[in-house]
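Remarks on the overall topology
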Amino acid sequence: AAESFTAFDLHWNEHFEFLKDYADFHFIEGVTHNVFHTYTHNPQIGFLPPGTSMGSKIGTPFLRGQTWWPYMKEFTTYLARCSYLLERGRPVSDVLWYLGDEISHKPDQEFPFPQGYKYDYCNPDVLLNRLIVKDGLVMTPEGLSYRFIWIPENKRMRPETLEHLYQLIQEGATVVANAPQRIAGLKGGEQAQQRFSQAVDAIWGKAVQGQITKMGNGRLLSGVSLEEALRMLDIKPDVLGDVRWMHRQIEGADWYFVTPEKQLSFQGKVTFRAEGGAELWNPVTGEITPLNVTRQGEYASVELDMPKAGSCFVVFRHGKQQQNVEKVVYNNAQRLDGKWSLQFPEGWGAPAQLEVENLVPWCELPMSEEGRAFSGSVVYSTSFQWEGQGKQVMLDLGEVNMIAEVSVNGQKLGTVWCKPFALDMTNVLKEGENTLEVKVTSTWFNRLAFDASQPEADRKTWTIEGPKANAPLKEYGLLGPVTLKY
């Protein structure tokens, strides 16, 4: 369970933010490597965009004809940063879940495991051939370690499994399991049945239900739930807080990948069972900033602020002294409520230029039906006065659907594709008049939906399968409010 693979769908109507949240969910489940299915080969030049893709909702329209293709590096760099850290070191889990001798399935991803703890699961081969006991911990040859083995489904077990389990307990392992009721399989006949009965009696014969039974150098807990076992063994949670997380470790450092719960934001305290100074590593931007830490015993608490579908790595460096970090507070704001000029590319039914007083979706602009179905990139530009030199200033675009490339005074500031749609603009502002340009890119959805209702000869797009005719248009564009926070 330390490393696995997944694929996710990047279709015509999906926002990168949704895909990020989907990828983050699998990251905290132990996935370390993302695979796109599929890049379709479109060698022809001059074909109608977006081009050939897999049909019947199969695969990912991951192709150069996509509107957002010039910005794909932003998203894949995020995945690469996450994979780099999640493939380094070792995953940290307290519980090793043995799936039993008669494995029918792996655990459900939505299994309600106790909050604050992680588990790995293993099969008979791992239990019999790859586990050792060291200093009371169950370990693999690669150095993965667990506080105890948990066997929730063991009504039928083989004698060789029970005999090896008894040996692990004698060597110092802790096992949480009830006695099996009968032998698994028919191999070995009466001799196997006798071995089974002897092993069951050796392990559970003197066990007291609901208590910790010492056996050799190890311990057995029987007749208790997983939550009760964690409490009785005094195993404290690894993480405290309403977040999703994954823990990795190398010699000298621990790091946690942290995200809010699905479709939620998070602002508050998160507590980790970790030592050393803390840093926040932002996988979206690559920035590393120190964090203030409040310590209580073996726990370290930090304050995190993550938007919907947000994420970060909290990195603890052992032996590093904690810094006192002064948090920047943006308690002043200047809204950019003036006129905006919108520039559309030719040939798609929208005017070359449009002046607006209010930021609304493209599908609500005073244009023709074809213009309101525009898909692609639109350049927004405006000017504003600034008289605050020396202040630290953040440009907050508000709501963007779905990617924005920002320039100030002709200088590129950066590209944003998920919340918060904000960029530091302190070093590009000047006293007096400034110009702001925001290039916003949508998916192909609206144009594909419009073309699906047109005669084939009049269509300007083509793909194997897209939105249905007259599908409701998506609210693409710069929606704001756009604010200078300082």
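The structure presented is a predicted model; accordingly, all values stated were derived computationally and were not measured. (Residues numbered from 1 in each chain as written. Predicted model: local features only at pLDDT ≥ 70, side-chain atom pairs only at ≥ 80, totals over all residues. Heavy atoms only, no water.)

Details of the overall build of the protein chain
The secondary structure content of the protein chain amounts to eight helices and 35 strands. Oriented by its inertia axes, the alpha-carbon framework of the protein chain measures out at about 85 × 60 × 35 Å. For the protein chain, the residues scored as buried account for 50% of the 486 residues in total. In the protein chain, 72% of the contacts between residues at least 6 apart in sequence involve partners at least 24 apart. Only carbon and sulfur atoms are counted for the fraction: they give 48% of the accessible area of the protein chain, which is about 23,700 Å². Within the protein chain, one finds 47 positive and 59 negative side-chain charges whose respective centroids are separated by 3 Å. (Helix = DSSP H or I, 4+ residues; strand = E, 2+ residues; numbered from the N terminus. Buried < 20%, exposed > 50% of the residue type's maximum accessible area, 1.4 Å probe, protein only. Contact = heavy atoms within 4.5 Å. Areas by Shrake-Rupley, 256 points an atom, 1.4 Å probe, with all protein chains shown as cover. Lys, Arg positive; Asp, Glu negative; His and termini not counted. Charge placed at Lys NZ, Arg CZ, Asp CG, Glu CD.)

Quick notes on the sheet that holds strand β31 (residues 411-416)
Ordered by their spatial adjacency, six strands build an open sheet running β26-β25-β27-β33-β30-β31, and the pairing between neighbours is antiparallel. Here the strands that pair on one side only, and so sit at the sheet edges, are β26 (353-356) and β31. Here the strands of the sheet are splayed against their neighbours by 20° on average, with no regard to which way each runs. Alignment of strand β25 (residues 340-343) against β26, held across four bridges, turns out to be antiparallel. Note that in β26 the partner of Leu342 across the bridge is Leu354. (Pairing = 2+ DSSP bridges. Axes fitted to C-alpha atoms, helices over the stretch in contact; angles between N-to-C directions.)

What about helix α4 (residues 159-171)?
Between its first and last C-alpha, α4 extends 19 Å over 13 residues, near the 18 Å set by a 1.5 Å rise per residue. Here α4 has its buried residues at Pro159, Thr161, Leu162, His164, Leu165, Leu168 and Ile169. (Expected span 1.5 Å × (residues − 1).)

Points about the pairing of strand β33 (residues 432-441)
Summarising the sheet, strand β27 (residues 377-386) and β33 pair through 10 bridges and their orientation is antiparallel. Bridge assignment links Gln385 to a residue of β33, and that residue is Glu433.

Here we look at the pattern of salt bridges
Using the criterion set out here, one finds 21 salt bridges in the structure. A salt bridge links Asp94 to Arg273, with the shortest nitrogen-to-oxygen separation between them at 3.2 Å. Placement of the pair is Asp94 in the loop between β3 (90-91) and β4 (95-98) and Arg273 in the loop between β18 (266-272) and β19 (277-281), with a sequence separation of 179 residues. Overall, the relative accessible area of 3% leaves Asp94 in the buried class. (Salt bridge = Lys/Arg side-chain N within 4 Å of Asp/Glu carboxyl O.)

Concerning the packing of aromatic side chains
Counted according to the given criterion, the structure contains 26 aromatic pairs. Arranged with centres 4.4 Å apart and planes meeting at 15°, the rings of Phe36 and Phe62 form a pair that is stacked. Note that Phe36 is positioned in the loop between β2 (33-35) and α2 (72-86) and Phe62 in the loop between β2 and α2, a separation of 26 residues in sequence. Given the relative accessible area of 23%, Phe36 is considered partly exposed. Here the aromatic rings of Phe62 and Trp69 are separated by 5.1 Å at their centres, their planes lie at 75°, and the arrangement is edge-to-face. Given the relative accessible area of 26%, Trp69 is considered partly exposed. Through successive ring pairs, a cluster of aromatic residues spans Phe36, Tyr39, Phe62, Trp68 and Trp69. If you follow Lys262 out to its NZ or CZ, it ends over the ring of Phe25, 3.9 Å from the centre. Sitting over the face of the ring of Phe445, Lys474 holds its NZ or CZ atom 4.9 Å from the ring centroid. (Phe/Tyr/Trp six-rings, centres within 6.5 Å; stacked < 30°, edge-to-face > 60°. Lys NZ or Arg CZ within 6 Å of the ring centre and 35° of its normal.)

Considering the environment of Lys106
Note that Lys106 resides in the loop between β4 and β5 (119-122). When the C-alpha atoms of Lys106 and Cys122 are compared, they prove to be 9.3 Å apart, with 16 residues separating the residues in sequence. In this structure, Lys106 is in contact with Leu99 and Tyr121, ignoring residues within four places of it in sequence.

Description of a nonpolar patch on the surface
Taken together, Leu48, Trp462 and Ile464 make up a surface patch of nonpolar side chains, about 290 Å² in accessible area. Among the secondary structure elements, Ile464 is positioned in the loop between α8 (445-452) and β34 (477-480). (Patch = residues over 30% accessible without salt bridge, like charges linked within 9 Å, V, L, I, M, F, W, Y side chains within 5 Å.)

Notes on the confidence of the model for the protein chain
Averaged over all residues, the pLDDT of the protein chain is 92; the fraction at 70 or higher stands at 96%. Segment residues 1-9 is flagged for pLDDT under 50; beyond a separation of four residues in sequence, or across chains, it makes 41 contacts in the model. (pLDDT = per-residue confidence, 0-100.)

Points about the nonpolar core
Grouped together as the largest cluster of nonpolar side chains are 43 residues, with contacts concentrated most on Tyr380, Leu397, Met425, Leu436 and Leu478. Elements that contribute at least two residues to this core include exactly β25, β26, β27, β30 (403-408), β31, β33 and α8. The element that contributes the greatest number of residues to this core is β27, accounting for four residues. For Met425, the residues in contact, after removing those within four places along its chain, are Phe384, Val393, Met394, Leu395, Val408, Leu413 and Leu484. Counting residues in each nonpolar core, the second largest holds 30 residues, with Val138, Leu144, Leu165 and Val175 among its members. (Core = buried A, V, L, I, M, F, W, Y, C linked by side-chain atoms within 4.5 Å.)

Focus: the pairing of β19
Taking burial as the measure, the five residues of β19 include four buried ones, the bulk of the element. With five bridges joining them, β19 and strand β23 (residues 312-317) adopt antiparallel strand pairing. In the strand pairing of β23, Trp281 is matched with Phe313. Here β19 pairs with strand β20 (residues 288-290) via three bridges, running antiparallel. Within β20, the residue paired with Glu279 across the bridge is Pro290. Taking the residues that link successive antiparallel strands as the turn, the β19-β20 hairpin has six residues, and the phi of Gly286 there is positive, at about 85°.

Some remarks on α2
Taking 1.5 Å per residue, 15 residues should reach 21 Å; α2 reaches 21 Å between its end C-alpha atoms and fits that length. Of all the positions in α2, only Met72, Phe75, Tyr78, Leu79, Cys82, Ser83, Leu85 and Leu86 are classed as buried. Turning to α2, the residues buried within the fold contact α1 (16-28), β2, β16 (243-250), β17 (253-260), β19 and β23.

Section: the environment of Tyr84
Structurally, Tyr84 can be placed in helix α2. Classification of Tyr84 as exposed rests on a relative accessible area of 52%. Note: C-alpha distance between Tyr84 and Asp101 (17 residues apart in sequence) is 35 Å.

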